[in-house]
Amino acid sequence: LRGDVLADPAAGFPPANMGMAFCYDSDRGVCVMHGGDRFNDDFFNNQVWEYNGTQWIRRPNAPDSRRYHTLDYHQAIRRGVRYGGYPEVNRTYYYDGVVWTTPGHGLDRNYYSQTMVYDAAYHDLILFSGHTKNQKTWANSGTGWIDITGQLTQSPSGRSDYATTYDRARQA
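Cut-offs used in this document
- Per chain, residues are indexed from 1 in the order of the written sequence.
- Owing to the predicted nature of the model, reporting of local features is limited to residues with pLDDT of at least 70; listing and counting of side-chain atom pairs is limited to 80 or more, with chain, interface and lining totals taken over all residues.
- Hydrogen atoms and water are omitted, and side-chain values are computed over all heavy atoms in the structure.
- Strands are runs of DSSP state E lasting at least two residues, helices are runs of H or I lasting at least four, and both sets are numbered from the N terminus onward.
- In this setup the radius of gyration rests on C-alpha atoms only. A globule is expected at 2.2 Å times the number of residues raised to 0.38.
- Being paired, for any two strands, means DSSP has found at least two bridges between them.
- Where helices are involved, their axes are fitted lines through C-alpha atoms of the stretch in contact, as for all axes, and angles between N-to-C directions lie from 0 to 180°.
- Residue burial is assigned from relative accessible area. The probe radius is 1.4 Å, only protein chains are included, and a residue is buried under 20% of its type maximum, exposed over 50%, and partly exposed in between.
- Think of a polar contact as two N or O atoms within 3.5 Å of one another; within protein, one of them needs to be a possible hydrogen donor and the other a possible acceptor, and neighboring residues in sequence only count if both atoms come from side chains.
- Residues count as neighbours in contact if any of their non-hydrogen atoms are within 4.5 Å of one another.

Trainee: Any chance you could explain the overall build of the chain here in plain terms?
Mentor: On a plain count of helices and strands, the chain comes out with zero helices and twelve strands. Listed N to C, the secondary structure of the chain is β-β-β-β-β-β-β-β-β-β-β-β in terms of helices and strands. For 172 residues, the compact-globule estimate of 2.2 N^0.38 gives 16 Å, and the C-alpha radius of gyration of the chain, at 16 Å, lies within 12% of that figure. Projected onto the principal axes, the alpha-carbon positions of the chain cover approximately 50 × 35 × 30 Å.

Trainee: Any chance you could explain the sheet that holds strand β9 (residues 115-119) here in plain terms?
Mentor: Paired through their backbone hydrogen bonds, the strands of a sheet run either parallel or antiparallel. Read from one edge to the other, the open sheet built from four strands follows the order β9-β10-β11-β12, with strand pairing classed as antiparallel. Edge positions in the sheet fall to β9 and β12 (145-147), since each of these pairs with one other strand and no more. Pairwise comparison of adjacent strand axes, ignoring direction, gives a mean angle of 25 degrees for this sheet. As paired strands, strand β11 (residues 137-140) and β12 are joined by three bridges and run antiparallel to one another. When the bridges of β12 are listed, Ala-139 appears paired with Ile-146.

Trainee: Where do I start with the pairing of strand β7 (residues 92-95) in this structure?
Mentor: Consecutive side chains along a regular strand alternate between the two faces of the sheet. Taking every second residue as pointing to the same face, both faces of β7 are buried, with Thr-92 and Tyr-94 on one and Tyr-93 and Tyr-95 on the other. With four bridges joining them, strand β6 (residues 79-83) and β7 adopt antiparallel strand pairing. Counterpart to Gly-80 in the pairing with β7 is Tyr-95. Here β7 pairs with strand β8 (residues 100-101) via two bridges, running antiparallel. Within β8, the residue paired with Tyr-94 across the bridge is Thr-101. Connecting β7 to the next strand, β8, in antiparallel fashion are four residues, including Gly-97 with a positive phi near 100 degrees.

Trainee: Which parts of the structure should I look at to understand the side chain of Arg-66?
Mentor: Position of Arg-66 among the secondary structure elements: in the loop between β4 (56-59) and β5 (70-74). When its relative accessible area of 2% is taken as the criterion, Arg-66 is described as buried. A distance of 3.3 Å separates the side chain of Arg-66 from the side chain of Asp-64, its partner in a polar contact. With sequence-adjacent residues up to four places away left out, Arg-66 is seen in contact with His-34, Gly-35, Gly-36, Phe-44, Asn-45, Arg-82, Gly-84, Gly-85, Tyr-86, Pro-87, Glu-88 and Val-89.

Trainee: Help me understand the sheet that holds strand β1 (residues 21-25) in this model?
Mentor: Pairing is antiparallel across the open sheet formed by four strands, whose spatial order is β1-β2-β3-β4. Two strands close off the open sheet at either side, each with one partner strand: β1 and β4. When the angles between neighbouring strand axes are averaged without regard to direction, this sheet yields 25 degrees. Pairing between β1 and strand β2 (residues 30-34): five bridges, direction antiparallel. Its bridge partner being in β2, Cys-23 is matched across the sheet by Val-32.

Trainee: Please clarify how the pairing of β1 should be interpreted in this entry.
Mentor: With burial as the criterion, only one face of β1 is covered, namely that bearing Ala-21, Cys-23 and Asp-25; the residues Phe-22 and Tyr-24 on the opposite face remain uncovered. Connecting β1 to the next strand, β2, in antiparallel fashion are four residues, including Gly-29 with a positive phi near 70 degrees.

Interpretation in functional terms is not warranted from these geometric data alone.
As structure tokens, this is what we get:
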């Protein structure tokens, strides 16, 4: 995906960034990339790019600049869901491929370096709070976040710079 190349957006692919969020929109068949910064120079961006398998396409900007946030596709509501990041904002955004909207619900506090994955068995997005001393696990059915930490028999310790994926065979 040419992340090693510094490029002007007019060049046809995104500039090199770190701390951006990335997901696959299975209904539209595109990868969506949002935000990030130019290697810790505190120039955050709100750019949105989509990759359709052959080319990068610049989309309208998101409402705010962000890094170390999370973005995943919620198949049940057919929207990308973006949460958290830096600078600190406890806000959820939904992206339909054209417009970013915020339903007004967040979590108990802002998180950054968190991760999120869609659980196809339960039709929820699952978010693990990540780089914090207060690890929590949240579920989003499309109408808001619910803290499910107390329902879990075990939970990982805090971490950052990690990823999650859904295992369809084991539904986990």
